[in-house]
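Below, each chain spelled out in residue letters.
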Amino acid sequence: MFYGIYDFSVLLSGMIGQKVHIVLGFISLAVFFILAVKGMHMKMLNALLFLLAVSINSSYTSIGSIPYSRLPLTWFFVASVGLIFLCYIKVRKNLAFFSAIFFCSFFVVSLLVTPPLEFANALNQMVNILVFLLLLSCVGKLKDIYNARINSSMMLLYLGSVFVFSLMIIVQKYLYESKGISVGHIGRFAKRISYAATFYDFSFATLYVASGFCLLLAGICYKKRLLSWKTSLIFMVIYLYAILLINARTGMVALVIGTFLMFNSLVIRQKRLKILLIEICAVPIVLVLLVMMSTRRADMFGGSGRLGGYILGLQCFARHFLFGSGFGSRNYVELMHTTIPHNFFIQYLAQFGMIGFLIIFMGFFPVVKKNLLDRNSVGKWALVTIIVGAMFIPDIINSHFLSVILLVAVCETYKVSQSPIQSFRWETQK
């Protein structure tokens, strides 16, 4: 939770000054590594894996004062590159590795076929996807150091990061509505106000919180409770409140569908009728939450132009079947005169054509499939929630929390020790 101080300094940088939050970033990083390496006796590879989880909240803020859009050099990016470097000292070839190599080649060819209107914009998207694929290719190496202790620690760090982010949303709302102080990313729309703290996208923010809620709930349902009952209840209430304050529908829809699939899986596969009763009782709660959200926005059940975007995306794919519109969102916007399709499949088919899409899918699908087929996985339900959300938002690979959940969920299947995750209580941290 110490790293949360840096997260809040990023949110409040306009009040405390950028120099303060930059210095706090280096201090927090140093303390984090001391605690992980010296205090917990972890190897550097483990420490970098942990850093990925705790640096999500600040992953859209560059280390220096340079805007993220110009130089996305963040602690999350540093942790990703460091993790990839240590894993690639002894390269283990897998589909994700070859996918990354092919993707680099495809980028070069794409530049010749469809030159981007803005090279920096195209390069930024290419780097984000490349880092994502390389992180997935690290799974073969990470499984050697993964065990029940690392697994539970990663999940707890992720839950803690989501909790800190939820608190940031609450503080952001309080400062804006009670004190008139604007910090972080606030959306002032005609019929609603949305809060995203340090995230630049409201759908990303709400899906991030929803994934944490589903991970915590899955631990309870699978009898692998990550937190004490009291702490779990506090976390879930804070998570739900943050989702309502963010006021974007993606997270709520993904959470409802992900939870519904998890409950039905438990009822069908494990014959747990109590879960069926919980599912029935949850229906009025969901309805209340939807009503509460609808009071904060007038377009609760509208499509927000998504269907039209899907049709135009498929038309773009049909016209540019092999290579798509090219790298960079600006290329697509100029070509189709609309925003990027809010759907994982349609977006990458439209932007990269069949060739580019298959290259990405080759690295992504085998990793996801392995985890989804694991009947006892807790992390897979957070992954399912994110995948559902990816059907309604663009650039899910750039969400950063998808990378962390994939590593958590997939490496969970490689645990050396199969001992159950022990309940974590705050008293042990005093």
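Residues numbered from 1 in each chain as written. Predicted model: local features only at pLDDT ≥ 70, side-chain atom pairs only at ≥ 80, totals over all residues. Heavy atoms only, no water.

Caption draft 1: Examining unusual backbone geometry more closely. One non-glycine residue, N247, lies in positive phi territory at about 65 degrees. Residue placement: N247 occurs in the loop between α11 (229-246) and α12 (249-270). Phi is positive for D395, close to 55 degrees, though the residue is something other than glycine. For D395, the location among the structural elements is in the loop between α17 (379-390) and α18 (401-412). (Helix = DSSP H or I, 4+ residues; strand = E, 2+ residues; numbered from the N terminus.)

Caption draft 2: Just the packing of aromatic side chains, in detail. Tallied over the entire structure, the rule returns 32 aromatic pairs. Note on F107 and F327: the rings are 4.9 Å apart at their centroids and 90 degrees apart in plane angle, and the pair reads as edge-to-face. On the criterion of sequence distance, the pair formed by F107 in helix α6 (residues 95-113) and F327 in the loop between α14 (306-319) and α15 (329-336) is long-range, its members being 220 residues apart. Like F327, F107 is buried. Relative to F352, the ring of Y348 has its centre 5.5 Å away and its plane inclined at 10 degrees; by these criteria the two rings are stacked. Of this pair, Y348 and F352 both sit in helix α16 (residues 344-372), four residues apart, which is roughly one turn of the helix. Judged by its relative accessible area of 1%, Y348 falls in the buried class. Owing to a relative accessible area of 0%, F352 belongs among the buried residues under this scheme. (Phe/Tyr/Trp six-rings, centres within 6.5 Å; stacked < 30°, edge-to-face > 60°. Buried < 20%, exposed > 50% of the residue type's maximum accessible area, 1.4 Å probe, protein only.)

Caption draft 3: Structural detail: the pattern of salt bridges. Counted under the stated rule, the structure contains two salt bridges. Notably, a salt bridge pairs E118 with R330, separated by 3.3 Å at the nearest N-O pair. Linking E118 in the loop between α6 and α7 (119-137) with R330 in helix α15, this pair joins segments that are 212 residues apart in sequence. With a relative accessible area of 37%, E118 lands in the partly exposed category. Two residues, K173 and E177, come together in a salt bridge whose shortest N-O distance is 3.0 Å. You can see K173 and its partner E177 sitting in helix α9 (residues 148-178), four residues apart, about one turn around the helix. What makes K173 buried here is its relative accessible area of 18%. For E177, a relative accessible area of 42% gives the class partly exposed. (Salt bridge = Lys/Arg side-chain N within 4 Å of Asp/Glu carboxyl O.)

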